[in-house]
Amino acid sequence: MRTRATVVAGALLACGYLAVAIVTSQVSGRAVLPLYEGVGPAPNYQWVNPPAVFKTGNVTPKPVTETIAVGAKGNKTAAVSSQDTQFIVTVNAGGIPARSGSPSALMTITPLDPATLSALPGGVRADGNAYRMTVVYNPDNVPLSSFASSASIVLSVPLPGNRGVYFSPDGKSWNRVAGPAPTSQPNTIGAQSRDTGIFLAGTTHRATASSGGGGGTSIVTVIVGVLVGIVLVGGAGWFLLRLLRPGRPPARPAARPAAKSTAKSGQNRRPPPRRR
């Protein structure tokens, strides 16, 4: 009985794990297994103009300006991120050439609402915010339109970036500068570019409450998670109690009824001897 209960309990937990895997893939919008992938949930995406399902709790990102020192050989390797850390650019050493009278350069990263820009070609949807990156020499404010060498750009996106990264100098026409995000990290996409201007990731997915697009936890996700947790914990606890419960003592065999005597009184006596 213990072996059978153990097998049944293991089978129940395996089925529960499979159910959680299916629910997780449906909630996240992509094929994933419900394994531990870090401590705590990923931070919510910060939208400039969030979809309706993510308006609650959204934090609007703000522009940021960083100073990069520029010497006789240009700048040293520098990494600058947007205020929401969803756009990161790394400028290689010498990427910003030296300029007489300019000991530094100012890089400004401004999050933009893609709806205020031209649409991406081919019916591709905007994946999160667009970001404008500008560089001007300090203090004369002469703009730098392109780096001396390619800079590395990384975008964090709310939906799988399956259409790559697009660039535009003014937000009116777009050129794709990088392919789709890797399947292992669909919400992080990188590109190499020498240009300063506007960058935007593209996707064919649509932001919904169950798409994992960031900006808040949907009530559907919470309800499903609670129900699955109750089923798993309740089922495992019930079988564990059955497994640990002491077995019943074996039943004693029923006593046999005493044999009924069929002999009549005096039947076993010897008959008297016959007289001659």
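Here is what the cut-offs are and how they apply
Residues numbered from 1 in each chain as written. Predicted model: local features only at pLDDT ≥ 70, side-chain atom pairs only at ≥ 80, totals over all residues. Heavy atoms only, no water. Salt bridge = Lys/Arg side-chain N within 4 Å of Asp/Glu carboxyl O. Helix = DSSP H or I, 4+ residues; strand = E, 2+ residues; numbered from the N terminus. Buried < 20%, exposed > 50% of the residue type's maximum accessible area, 1.4 Å probe, protein only. Pairing = 2+ DSSP bridges. 1 Å grid on protein atoms, 1.4 Å probe; cavity = no way out; pocket = protein on both sides within 12 Å on 5 of 7 lines; lining within 4 Å. Points joined across faces, edges and corners; volume = space filled by probe spheres on them. Axes fitted to C-alpha atoms, helices over the stretch in contact; angles between N-to-C directions. Phe/Tyr/Trp six-rings, centres within 6.5 Å; stacked < 30°, edge-to-face > 60°. Lys NZ or Arg CZ within 6 Å of the ring centre and 35° of its normal. Core = buried A, V, L, I, M, F, W, Y, C linked by side-chain atoms within 4.5 Å. Contact = heavy atoms within 4.5 Å. pLDDT = per-residue confidence, 0-100.

A.B. asks: Residue-level account of the pattern of salt bridges, with values.
C.D. replies: The final tally for this structure, using the stated rule, is 1 salt bridge. A salt bridge links Asp-140 to Arg-99, with the nearest nitrogen and oxygen atoms 3.0 Å apart. Here Asp-140, found in the loop between strand 7 (130-138) and strand 8 (146-156), pairs with Arg-99, found in the loop between strand 4 (87-91) and strand 5 (104-112); they are 41 residues apart in sequence, far enough to count as distant. Judged by its relative accessible area of 35%, Asp-140 is partly exposed.

A.B. asks: Talk me through the pairing of strand 10 (residues 175-178); I want residue IDs and the actual numbers.
C.D. replies: As judged from the 3 bridges shared by strand 9 (residues 165-168) and strand 10, these two strands associate in the antiparallel manner. Across the sheet, residue Tyr-166 finds its bridge partner in strand 10, namely Arg-176. Hairpin connection from strand 9 to strand 10: 6 residues lie between these consecutive antiparallel strands, with Gly-171 at a positive phi of about 80°.

A.B. asks: An account of the layout of surface pockets is needed here, citing residue identities and associated values.
C.D. replies: When its volume is computed, the second largest pocket comes out at roughly 300 Å³. Lining the second largest pocket we find 14 residues, and of these Trp-47, Asn-49, Pro-51, Ala-126 and Gly-128 sit closest to its centre.

A.B. asks: Help me get a handle on the sheet that holds strand 8, residues and values and all.
C.D. replies: With antiparallel pairing, 4 strands are arranged side by side in an open sheet as 3-4-8-11. One side of each edge strand has no neighbouring strand; the edge strands of this open sheet are strand 3 (78-81) and strand 11 (188-195). Across the sheet, the mean angle from the axis of one strand to that of its neighbour is 20°, orientation sign disregarded.

A.B. asks: Summarise the packing of aromatic side chains; cite the residues concerned and give the values.
C.D. replies: Tallied over the full model, the rule gives 5 aromatic pairs. Pairing Phe-87 with Tyr-131 gives two aromatic rings, centres 5.3 Å apart and planes at 20°, and the pair type is stacked. Residue Phe-87 is located in strand 4, and its partner Tyr-131 is located in strand 7; the two are separated by 44 residues in the primary sequence. Of the two residues, Phe-87 and Tyr-131, both sit in the buried class. Relative to Phe-199, the ring of Phe-167 has its centre 5.0 Å away and its plane inclined at 50°; by these criteria the two rings are tilted. Taken together, the positions of Phe-167 in strand 9 and Phe-199 in strand 12 (residues 198-203) put the pair 32 residues apart, joining distant regions of the chain. For Phe-199, a relative accessible area of 0% corresponds to the buried category. An aromatic cluster is defined as three or more aromatic residues linked by ring pairs; in this entry it consists of Phe-87, Tyr-131, Phe-167 and Phe-199. Just above the ring of Tyr-137 sits the side chain of Arg-99; from NZ or CZ to the centre is 5.8 Å.

A.B. asks: For the nonpolar core, give the residues involved together with the corresponding values.
C.D. replies: Across soluble globular proteins, nonpolar side chains have a tendency to be buried as a group. In this structure, Phe-87, Val-89, Ile-96, Met-107 and Phe-147 are the most contacted members of the largest nonpolar core, which totals 33 residues. Once you skip the residues sitting within four places of it in the chain, Met-107 turns out to touch Val-64, Thr-65, Glu-66, Ile-68, Val-80, Val-89, Val-91, Met-133, Thr-134, Val-135 and Phe-147. Core analysis: the second largest hydrophobic core is formed by 9 residues, Leu-112, Val-124, Ala-130 and Leu-200 among them.

A.B. asks: Residues and numbers for the confidence of the model for the protein, please.
C.D. replies: Averaged over every residue, the pLDDT of the protein is 81; the share at 70 or more is 64%. Contacts from residues 36-40, a stretch scored under 50 in pLDDT, to residues over four places away or in other chains number 0 contacts.

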